[in-house]
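Understanding the architecture of this molecule
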Amino acid sequence: MKLPMERTSETPRLPFDPFALWAAEQRAGTDRGPRLDDAVDLAVWRELAPGFDGPNTQTKRAPDLLGRVMELVPPGASILDIGAGTGNYALPLAQQGCDVTALDHSPDMLAVLQRKFEQEGVAGVTPQPGRWEDAQIAPHDYVLAANCLYRTADLQHALERFSSLARKRVLIIFSIGTPHVLLNALNQALDRGPFRTGAGPDHVVWGLQALGVLPWVEPFSVNRMLHFADLAEATQHLGRTLGLNAAEQARAVEILPSLLQPVANGWEYPYTLTIPLIHWETADLHARD
């Protein structure tokens, strides 16, 4: 997808504080609260890391999204991949000649990335453990922040920090990855109220507008499929996200057959995500300093 070159420099005034709204939505998110704690989040990624590179990996499900990122980041550029995980963006970027710093606060995810680029003989990737909020790191030409805002309470700090680390452009990929419709239906069937995913990509756009930046927003659709061998596995997987207790899990086993599709080898749930790629030239934000 090619972008038109003309942009207006006028930024509409927002009738609300997008940063306060972001913080309120993050506090209200029912799938985020515990993971705002570093220790809890690290434990989750320790469990997920060994099997993270499965068929539902974002870059496998959305090759056009990966291709667009690689169009925007030219060969030879330096790029800071924030929340690099197991390297699903870092490795392709390095393979096209970029110098990639892969920053992630989970040592377990970085260990998988290290094994992958060593096995594939990929040069140009430097794993770096740490939190983007306070990591001591030099600016790069580009910053890629893919799916790493879920733990963020202070959106303004995030946007300004990303921009300070990018000499040319920041790219944000915003995806939660949760099957919201399924989780919401299950949560309400259990009389727990609506399932809320916290702040979304629209809040990022509003935040940038408040900082005087009109970003590009490019949507990409990703088809995903959840597969469970049995209802017990489905309950464990979905119950972890919802934080179900033992009694609620027992009820969920009875409810889920009405929400999932039976197949020969278990149960499935197909769903579609719309993932926005939000990007802007950092000169647009620095111009207001």
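Just so it is clear, the structure is predicted and the values come from calculations on it, not from any experiment.

Conventions we followed
- Residues numbered from 1 in each chain as written.
- Predicted model: local features only at pLDDT ≥ 70, side-chain atom pairs only at ≥ 80, totals over all residues.
- Heavy atoms only, no water.
- Salt bridge = Lys/Arg side-chain N within 4 Å of Asp/Glu carboxyl O.
- Helix = DSSP H or I, 4+ residues; strand = E, 2+ residues; numbered from the N terminus.
- Buried < 20%, exposed > 50% of the residue type's maximum accessible area, 1.4 Å probe, protein only.
- Polar contact = N/O pair within 3.5 Å; in protein donor to acceptor, adjacent residues only side chain to side chain.
- Pairing = 2+ DSSP bridges.
- Right-handed = clockwise from strand over helix to strand, strands pointing away.
- Arc of directions from axis to C-beta.
- Contact = heavy atoms within 4.5 Å.
- Disulfide = S-S within 2.5 Å.
- pLDDT = per-residue confidence, 0-100.
- Core = buried A, V, L, I, M, F, W, Y, C linked by side-chain atoms within 4.5 Å.

Description of the pattern of salt bridges
What the rule picks out here adds up to 14 salt bridges. In this structure, E218 and R68 form a salt bridge, with 3.0 Å as the shortest nitrogen-oxygen distance. Of this pair, E218 sits in strand 6 (residues 216-228) while R68 sits in helix 4 (residues 63-72), and the two are 150 residues apart along the sequence. Considered together, E218 and R68 belong to a single accessibility category, that of buried residues.

Section: the side chain of E218
According to the relative accessible area criterion, E218 is buried, its value standing at 1%. Here H279 takes part through its side chain, which lies 2.8 Å from a polar atom of the side chain of E218.

Side note on the pairing of strand 3 (residues 125-129)
Alignment of strand 2 (residues 99-104) against strand 3, held across 5 bridges, turns out to be parallel. Counted as the bridge partner of T101 is T126 from strand 3. Between the parallel pair strand 2 and strand 3, the chain is carried across by helix 6 (residues 107-119), and the sense of this crossover is right-handed.

Description of helix 11 (residues 246-255)
All of the buried residues in helix 11 are E248, A252 and I255. One face of helix 11 carries all of its buried residues, which in axial projection span an arc of 60°. Away from its buried face by more than 90 degrees, helix 11 exposes A246, A247 and E254. Buried residues along helix 11 sit in contact with helix 8 (180-189) and helix 10 (231-242). The N-capping residue of helix 11, defined by a side-chain oxygen 3.2 Å from the backbone nitrogen of A247, is N245.

A closer look at the state of the cysteines
Counting across every chain of the model gives 0 disulfides. Here C98 is not disulfide-linked; the sulfur of C148 is the nearest cysteine sulfur, at 18 Å.

Overview of the confidence of the model for the chain
This prediction gives the chain a mean pLDDT of 88; 91% of its residues lie at or above 70. Mean pLDDT across the elements of the chain bottoms out in helix 3 (residues 58-61) (72) and peaks in strand 1 (residues 78-82) (98). With pLDDT under 50 throughout, residues 1-9 is counted as low confidence; its partners more than four residues away or in other chains account for 14 contacts.

Focus: the nonpolar core
Y89, L93, V125, I173 and L260 are the most contacted members of the largest nonpolar core, which has 50 residues in total. Ranked by residues supplied to this core, first place goes to strand 8 (residues 266-281) with 6 residues. Judged by nonpolar contacts, the second largest core, of 30 residues, contains F19, L165, A166 and V204.

A word on the pairing of strand 1
Counting buried residues along strand 1, 5 of its 5 residues qualify, which places the element largely inside the surrounding structure. Burial of the side chains of strand 1 extends over both faces: S78, L80 and I82 are buried on one face and I79 and D81 on the other. Sheet topology note: the strand 1/strand 4 (residues 140-146) ladder contains 4 bridges and is parallel. Directly across from D81, in strand 4, lies its bridge partner L144.

So, helix 4
Within the sequence span of helix 4, burial applies to L65, L66, R68, V69 and L72. Seen from one end, helix 4 has its buried residues packed into an arc of 160°, which puts them on one side.

Overview of the environment of T30
Mapped onto the elements, T30 comes out in the loop between helix 1 (18-28) and helix 2 (38-48). Classification of T30 as partly exposed rests on a relative accessible area of 36%. Considered as a pair, T30 and G198 are 168 residues apart in the sequence and their alpha carbons are 7.3 Å apart. The contacts of T30, once residues within four sequence positions are left out, are P194, F195, R196 and T241.

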